[in-house]
Amino acid sequence: MKVCVIGLGYMGLPMAALLARAGHDVVGVDIKPDVVDAVNAGECPFNEKEMPDLVAKAHKSGRLRAALAPEEADIFVLSLPTPVDHESHVADMSAVRAGVKSICPVLKAGDLVVLESTSPVGALEADVRDVINTARPDLADAIDYIFCPERAIPGDTVREMAENDRVVGGLTPEATTRGVAFYQTFVKGDVLPTEARVAELVKLVENASRDVQIAFANELSKMCHEVGVDVWEVINLANRHPRVNILNPGTGVGGHCIAVDPWFIIQQAPKATPLMRAARAVNDSKPEWVLERVREACARVMKARADTNTKVRVACLGLAYKPGVDDLRESPSLVVVSELMRVKDDVEALVVEPYLTRHPDYTLVGLEEAVTQADVVVVLTAHPQFYAMDKALLSGKELVDPVGLFKNI
Ligand SMILES: NC(=O)c1ccc[n+]([C@@H]2O[C@H](COP(=O)([O-])OP(=O)(O)OC[C@H]3O[C@@H](n4cnc5c(N)ncnc54)[C@H](O)[C@@H]3O)[C@@H](O)[C@H]2O)c1
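No experiment lies behind these values; they were computed from the predicted model shown.

Concerning the packing of helix H8 (residues 196-227) against helix H9 (residues 231-238)
The axes of two packed helices give the description: the angle between them and the distance between them. Where H8 meets H9, the axes come as close as 9 Å, and the angle between the chain directions of the two elements is 125°. Classed by the angle they form, the pair H8 and H9 counts as oblique. For the pair H8 and H9, contact is made by Leu 220, Ser 221 and Cys 224 and by Val 231, Val 234 and Ile 235, respectively. Of the residues in the contact of H8 with H9, the class split is five nonpolar, one polar and no charged.

What follows is the structure in structure tokens.
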């Protein structure tokens, strides 16, 4: 089948390449010319395991190419950004609506339109079908619509996209059946049929569930600190109970899924969701709590010093929102680092991020150099490179470790 994938980002491009590998004729569309040029040169424009090889092979096979505008196809897949407005906490569906409008001129009767972007309940009807029906009243009832949320994890996207179970919800039973058959052409996991509104909510609930569970761990870490008990030991021992599985506390919650998607639920049912709102508040407050621990450590360093004119050096380990990736979106580490940079008369922050070669705002420092120079070491992201370092370097330093990386040394 000919498939047009709109949006060639972290999710859209792997999907396009996997579809090409499965034998479909794929044209990927993006508004960014550099993305289109990269794909047409057989290159992946971002850092993701297996992607360089997958895109190169798909391009070489002649089944994957990119363009700036949509073309006629049998199936259209919308993989567009759905951020949340940071003030109002309302989902911003403008990119999806723009992408939908862009396919209207080339749509024809019998096409299948798929929304993959994480969206509020009802978006497939309101932001996709209704937009198409307004622009193309001639196609009312002539298009099939399905929602299929993306579940792949950055860092292992290709494998997860091919192997994870998928949920497909159509606006009609016929659309669902057609959608299931389409996903079965390239997904090895089970493809589970349902209706559109259920599929939309399933995706949001998955991430809200993670957010609430992480909030519990983060709240525990704060309360354990107050009563002077080691949170990691508490969690390890509590998790030996056969039906308890407490997650790890950390610097906060980042990434553009778990920190964002719960708001899509809260916005639609504010009175019914006090727990999800509280979880968001707990997780958002964690970077400030980490900062407080860093300030205390700096104060101890200053107190022990004769020379109070020298700045306290703080090695900040990790900008990414989670271990093993270069993704800084919504990263709680950035809250900590930007505040330490702001108080630059008292503190010199040495920023380490092994997954980046440079950063627009911060000069990056090598791990050993930063730790050797530092008075205080704060571990913001549990990158494996940090765990692998010579632990003797930490001797005599103040260590703030909200992610528990050095818990056992
Ligand atoms: N990245 C993840 O880990 C992940 C996981 C699950 C779900 N999702 C969801 O998948 C969706 C896409 O996320 P992503 O991470 O791939 O986003 P992204 O920002 O990496 O990619 C989106 C792409 O769409 C392009 N674009 C924007 N407007 C366009 C338009 N009108 N026409 C054509 N292209 C346009 C952008 O230039 C960009 O390249 C979001 O709803 C996200 O919440 C993402």
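Observations concerning the sheet that holds strand E2 (residues 25-29)
As summarised here, the arrangement of the eight strands in space is E3-E2-E1-E4-E5-E6-E7-E8, forming an open sheet in which the pairing is mixed. In this open sheet, the two strands that pair with only one neighbour each are strand E3 (64-67) and strand E8 (191-195). Averaged over all neighbouring strand pairs, the angle between strand axes comes to 25°, with direction disregarded. On the sheet, H8 packs against strand E6 (144-147), strand E7 (166-170) and E8 and is oriented at approximately 120° with respect to E8.

Side note on the domain arrangement of the protein chain
Interface size, as often reported, equals the accessible area lost upon joining of the parts. Split by domain assignment, the protein chain resolves into domain 1 (2-189), domain 2 (204-274) and domain 3 (284-400). Taking only C-alpha atoms, the centre of domain 1 and the centre of domain 3 are 39 Å apart. Both faces combined, the contact of domain 1 with domain 3 buries some 490 Å², and carbon together with sulfur accounts for 44% of it. Taken as a group, Tyr 10, Asn 47 and Pro 154 account for 70% of the area that domain 1 buries against domain 3, more than any other trio of residues on that side. In this structure, the connection of domain 1 to domain 3 is made through two residue pairs in polar contact (both at pLDDT 80 or more). In terms of residue class, the side of domain 1 that touches domain 3 is built from three nonpolar, three polar and no charged.

Examining H9
Considered for burial, the residues of H9 that qualify are Val 231, Trp 232 and Ile 235. One face of H9 carries all of its buried residues, which in axial projection span an arc of 100°. Where H9 is buried, its residues meet H8. A side-chain oxygen of the first residue of H9 lies 2.8 Å from the backbone nitrogen of Trp 232; this N-cap is Asp 230.

Overview of the site of the ligand
Around the ligand, the structure places 25 residues, and the nearest of them are Tyr 10, Met 11, Asp 30, Thr 82 and Thr 118. Asp 30 is positioned such that a nitrogen or oxygen atom in its side chain is 2.6 Å from an oxygen atom of the ligand. When isolated, the ligand has an accessible area of 830 Å², and the protein chains bury 91% of it.

Regarding the environment of Asn 133
Along the chain, Asn 133 turns up in helix H5 (residues 123-135). Given a relative accessible area of 25%, Asn 133 falls into the partly exposed group. For the pair Asn 133 and Cys 104, spaced 29 residues apart in sequence, the C-alpha separation works out to 9.1 Å. With residues up to four places along the chain from it excluded, the contact list for Asn 133 reads Ala 140 and Tyr 145.

What counts, and where the lines are drawn
Starting afresh in each chain, residues are numbered from 1 along the sequence in its written order. Two thresholds apply to this predicted model, a pLDDT of at least 70 for residue-level local features and 80 or more for giving and counting side-chain atom pairs, whereas whole-chain, interface and lining totals are computed over all residues. In computing side-chain properties, one takes all heavy atoms of the structure into account and sets aside hydrogens as well as water. Comment: axis = line fitted to C-alpha atoms, over the contacting stretch for helices; angle = value between 0 and 180 degrees taken between N-to-C directions. Elements are defined by DSSP. Helices are runs of H or I of four residues or more, strands are runs of E of two residues or more, and each kind is numbered from the N terminus. For classification purposes, angles smaller than 35 degrees are called roughly parallel, those larger than 145 roughly antiparallel, those between 65 and 115 roughly perpendicular, and all remaining angles oblique. Contacts are assigned to residue pairs that have any heavy atoms within 4.5 Å of one another. Only Asp, Glu, Lys and Arg are considered charged in this grouping, and only Ala, Val, Leu, Ile, Met, Phe, Trp, Tyr, Cys and Pro are considered nonpolar; every other residue, Gly among them, is considered polar. In this scheme, strands are said to pair when DSSP sees at least two bridges between them. Domain limits in this description derive from either an automatic procedure or a database domain assignment. Buried area adds together the accessible area that both of two parts lose upon being put together, with accessible area traced by a 1.4 Å probe. We define a polar contact as two N or O atoms separated by no more than 3.5 Å, with the added condition that, inside protein, one atom must be a possible hydrogen donor and the other a possible acceptor, whereas residues neighbouring each other in sequence contribute only through side-chain atom pairs. Type-normalised accessible area, obtained with a 1.4 Å probe on protein chains alone, sets the label of each residue: buried when under 20%, exposed when over 50%, and partly exposed for intermediate values. Picture the helix axis, draw a direction to every C-beta atom, and the arc is the one those directions span. We call a residue near a molecule or strand when any one of its heavy atoms sits within 4 Å of it. With residues, only the protein chains shown are counted as cover, and all accessible areas are computed by Shrake-Rupley using a 1.4 Å probe.

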